[in-house]
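Letter by letter, the chains look like this.
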Amino acid sequence: MTTMTTLTGPVLVLIDHHAGAVRPPTLELLTLARAAGDVTALWFGDGLDGALPLLAEYGVTSAYQVVIDSPVANAMHLPAVAAEAVAAAVRQSDAALVLLTSTFENKEIGVLLAREIDAGIVVDANGVTIAADGAVETNQSAFASTWNVRTQITTPRAVVAIKPNSIPAEPAPSSAAPGVVTVTVTPSEDALRTRIVERTERVATGRPELAEAQVVIAGGRGTNGDFSAIEELADLLGAAVGATRVATDEGWIEHTAQIGQTGVTVAPKLYIGVGLSGAVHHTGGMQSSGTIVAVNGDPEAPIFEIADFGIVGDLFTVLPQLSAELRARLG
Amino acid sequence: MRIVVCVKHVPDLQSERAFDAEGRVVRVGGEGTLNELDENALQVAADLVAEQGGEVIAVTVGPADAADAVRRAFQRGADRGVHVVDDAIAGSDVFGTAVCLAAAIRRLGAEARVDLVLTGMAALDGLTSMLPAALAAELGLPQLTLAARLTLADGVATVRRDLDNATETLTAPLPAVISVTDQINEPAFPSFLGIMAARKKTVEAWSLADLSVDPTAVGAAGARTRVVEATPRPPREHRVLIADDGDAGRRLAEYLIENKLV
Ligand SMILES: Cc1cc2nc3c(=O)[nH]c(=O)nc-3n(C[C@H](O)[C@H](O)[C@H](O)COP(=O)(O)OP(=O)(O)OC[C@H]3O[C@@H](n4cnc5c(N)ncnc54)[C@H](O)[C@@H]3O)c2cc1C
């Protein structure tokens, strides 16, 4: 990979972190950012020091630590405040490109930021490249992953949100300790009209995050609320457990497990969907998966139209047999 | 309560969709429909007005057939409907669309105060979820996005939302822009009376000139992104479909191991 030097300024990467740990999709962003230019990391809140070695390993040359100067509780979690802070960092670093992970929260920050810095924005992208003339171009899939689209951002500055599991993250060939700059931002009154009166961080399940997992096993109405066969297989494969809206609405599993257009978008290497029909609302959130496996009792279920490996059968016999066989063969 | 609900006419999710040579979306067969999440927003508006009185105004931006979304909003209780339509709007990005919607909402606001602007959390054709925040910024109003619950009291909106790694309760003073998820309610089917009443209503068509919007600020001219290439993806190959004869679990294990997927 040749390093492009046509961007007019560095690439600013918003580092998502949770409980002091850098979220894995961020490392994909850093890998993409390195190919586009000089990489500046943007970190909200405490804990940057502990993450610096990892950021350096992935090619970060300088890091901005954002301090929100406000007595308002949870101010830095307000998208409008975060957008103002990122905009301040863009101005200070003269960044030409801002990369974020494509989550609902970040997309909201991204669009407010883009408006503030007169940038074009693409979200849910799978990749970003710099064209010969220096323009930022993105790749994304459209229409339930049936099309590939290349989009050019025509403004001098660009904001791009990248979906998790878009590319393999790779450490930089060489690295040096990044310099740290503190950016103190006082939010505008307008940004503070919305307040967060309560915020409960989700406790880790011990399984990989749904959007980040390499293997996802999803269950639907056909489980009838019994996810034990799915969980057994998930434990075996280190997989995340997902569900359809029917299963989450029934309260069989928490709402955060919902995959689809109004839930989480997943693109794992392997997706196994059992006892779910494959409604467009669901498939819209998993159709970019590498390999799709489906187990359903109904040979007419739409999920079979997109499955690489489909089994017409009962999930309660197929899954335990699969787990037993994998356990026997993989040790 | 005077409530504006932004609605969008989208291709039927079941219909085949493609790009034309200019990178614009074309629909192959299938009728367009009202974006499903807008049904949730319209239901919120209808419920609020049933409770507190007031008016629901549906607003859309788009080409001629987009007016269909407003007509469907009439069936779901909208009292009035506005269609911002102008040749110069074609090819708008999220900011151009927000400029058009905001101009229409400001004009409505000049007639009488608008208390609330509601949208669905995303348009299910593009799914970017960016419009609500862009619109709030354009209007200079606070935004509350992804509302799974909404209550209004003393001129303050309180919303609960579920994010990837947190659940939040947020508040904002009205007027505000609020986007709602499918968790907020179960939209009712249009009633016979609603359908009959909708037939009598007319969609008000407003042009950019009517709204004093600079045509070069919107549409393809004002867009900050452009599609340079769109190619259909090759269909998945070597697909396997088997019926379980008692060993499907073992055959799947074999497949997963062979393809190095586990
Ligand atoms: C605005 C809107 C947004 C939505 N967003 C989402 C979303 O984000 N995600 C989502 O998932 N849904 C969403 N939905 C709901 C979606 O339309 C479907 O209703 C839902 O996905 C269906 O869930 P299901 O496949 O579990 O149930 P069903 O469609 O009822 O399918 C159950 C399947 O299980 C099979 N089955 C039953 N028993 C067994 C067995 N023992 N072994 C094997 N197979 C069995 C049946 O053959 C059937 O095909 C949304 C709907 C709307 C209107």
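Considerations on the overall build of chain B
- When helices and strands are tallied, chain B shows seven helices and 16 strands.
- Counting all 262 residues of chain B, 50% fall into the buried class.
- Nonlocal contacts in chain B, meaning residues at least 24 apart in sequence, comprise 70% of its contacts between residues at least 6 apart.
- Per element, the accessible surface of chain B, about 11,500 Å² overall, is 51% carbon and sulfur.

Here's the deal with the interface of chain B and chain A
- At the junction of the two partners, chain B supplies 77 residues and chain A supplies 85 residues.
- With both sides pooled, the region where chain B packs onto chain A buries about 7,300 Å², and carbon together with sulfur makes up 56% of that total.
- When the buried surface of chain B facing chain A is broken down by residue, Arg-224, Arg-233 and Arg-236 of chain B rank first, second and third, together holding 10% of it.
- Connecting chain B to chain A are seven salt bridges.
- There are 41 residue pairs in polar contact (both at pLDDT 80 or more) connecting chain B and chain A.
- No other element matches helix H7 (residues 248-258) of chain B, which puts ten residues into the side of chain B that touches chain A.
- In this sheet, strand S12 (residues 166-173) of chain B lies alongside strand S13 (residues 195-201) of chain A in antiparallel orientation, the contact comprising six bridges. Bridge pairing in S12 of chain B places Thr-200 of chain A opposite Thr-167 of chain B.

Focus on the site of the ligand
Residue and element names in this part refer to chain A.
- Taken together, 27 residues surround the ligand, and among them Arg-221, Thr-244, Gln-258, Ser-277 and His-281 come closest.
- Residue Leu-315 places a main-chain N or O atom 3.0 Å away from a nitrogen atom belonging to the ligand.
- When the free accessible area of the ligand is taken as 990 Å², the share hidden by the protein chains comes to 80%.
- Secondary-structure elements contributing two or more residues to the shell around the ligand are helix H6 (245-249), helix H7 (280-283) and helix H8 (315-330).
- Partitioning the shell around the ligand into residue classes produces six nonpolar, 15 polar and six charged.

Some details on the domain arrangement of chain A
All names here are of chain A.
- Taken domain by domain, chain A holds domain 1 (11-192) and domain 2 (210-330).
- Summarising the inter-unit geometry, the C-alpha centres of domain 1 and domain 2 are found 31 Å apart.
- Together domain 1 and domain 2 conceal approximately 770 Å² of surface at their shared face, both sides included; 42% is due to carbon and sulfur atoms.
- Viewed at the interface, domain 2 and domain 1 are joined by one salt bridge.

Focus on the side chain of Glu-137 of chain A
Residues and elements named next belong to chain A.
- Along the chain, Glu-137 turns up in strand S9 (residues 136-142).
- The exposure class assigned to Glu-137 is buried, which follows from its relative accessible area of 9%.
- A polar contact of 2.5 Å, which involves the side chain of Glu-137, links it to the side chain of Arg-150.
- A polar contact is formed between the side chain of Glu-137 and the side chain of Gln-152, at a distance of 3.1 Å.

Focus: the sheet that holds strand S16 (residues 270-274) of chain A
- Taken in spatial order, the six strands make up an open sheet running S15(A)-S14(A)-S16(A)-S17(A)-S18(A)-S16(B), and their pairing is parallel. Every interior strand has two partners, whereas the edge strands, strand S15 (240-243) of chain A together with strand S16 (240-243) of chain B, have only one. Averaged over neighbouring strand pairs, the angle between their axes works out to 15° when direction is ignored.
- Running over the sheet, helix H5 (residues 228-237) of chain A touches strand S14 (215-219), S15 and S16 of chain A and is turned about 180° from S14 of chain A.

Some points on the packing of aromatic side chains
- For the coordinates displayed, the defined rule picks out one aromatic pair over all chains.
- When the centroid spacing of 4.5 Å and the interplanar angle of 45° are considered together, the rings of Phe-309 of chain A and Tyr-255 of chain B count as tilted. Linking Phe-309 of chain A in strand S18 (residues 309-312) with Tyr-255 of chain B in helix H7, this pair reaches from one chain into another.
- The ring centre of Phe-95 of chain B lies 4.1 Å from the NZ or CZ of Arg-224 of chain B, which sits over that ring.

Some details on the pattern of salt bridges
- As enumerated under the stated definition, the model contains 29 salt bridges over all chains in all.
- Across the pair Arg-327 of chain A and Glu-232 of chain A runs a salt bridge whose closest N-O atoms are separated by 2.9 Å. Residue Arg-327 of chain A is found in helix H8, and its partner Glu-232 of chain A is found in helix H5; the two are separated by 95 residues along the sequence.
- Notably, a salt bridge pairs Arg-2 of chain B with Glu-55 of chain B, separated by 3.0 Å at the nearest N-O pair. A residue pair is termed long-range when its members are at least 10 positions apart, and Arg-2 of chain B in strand S1 (residues 2-6) and Glu-55 of chain B in strand S6 (residues 55-61) qualify at 53 residues.
- Put simply, Glu-105, Glu-108, Arg-199 and Glu-201 of chain A together with Arg-161 and Glu-168 of chain B are held in one network by salt bridges that share partners.

Some words on a nonpolar patch on the surface
Residues and elements named next belong to chain B.
- Judged by side-chain polarity, Phe-192, Leu-193 and Met-196 come together as a nonpolar surface patch covering roughly 350 Å² of accessible area.
- Locating Phe-192 in the fold gives a position in helix H5 (residues 192-200).
- By relative accessible area, Phe-192 is classed as exposed at 63%.

Rules behind the numbers
Residues numbered from 1 in each chain as written. Chains lettered and ligands numbered in written order. Predicted model: local features only at pLDDT ≥ 70, side-chain atom pairs only at ≥ 80, totals over all residues. Heavy atoms only, no water. Helix = DSSP H or I, 4+ residues; strand = E, 2+ residues; numbered from the N terminus. Buried < 20%, exposed > 50% of the residue type's maximum accessible area, 1.4 Å probe, protein only. Contact = heavy atoms within 4.5 Å. Areas by Shrake-Rupley, 256 points an atom, 1.4 Å probe, with all protein chains shown as cover. Buried area = accessible area lost by both parts, 1.4 Å probe. Salt bridge = Lys/Arg side-chain N within 4 Å of Asp/Glu carboxyl O. Polar contact = N/O pair within 3.5 Å; in protein donor to acceptor, adjacent residues only side chain to side chain. Pairing = 2+ DSSP bridges. Near = heavy atom within 4 Å. Nonpolar A, V, L, I, M, F, W, Y, C, P; charged D, E, K, R; others polar. Domains from an automatic or database assignment. Axes fitted to C-alpha atoms, helices over the stretch in contact; angles between N-to-C directions. Phe/Tyr/Trp six-rings, centres within 6.5 Å; stacked < 30°, edge-to-face > 60°. Lys NZ or Arg CZ within 6 Å of the ring centre and 35° of its normal. Patch = residues over 30% accessible without salt bridge, like charges linked within 9 Å, V, L, I, M, F, W, Y side chains within 5 Å.

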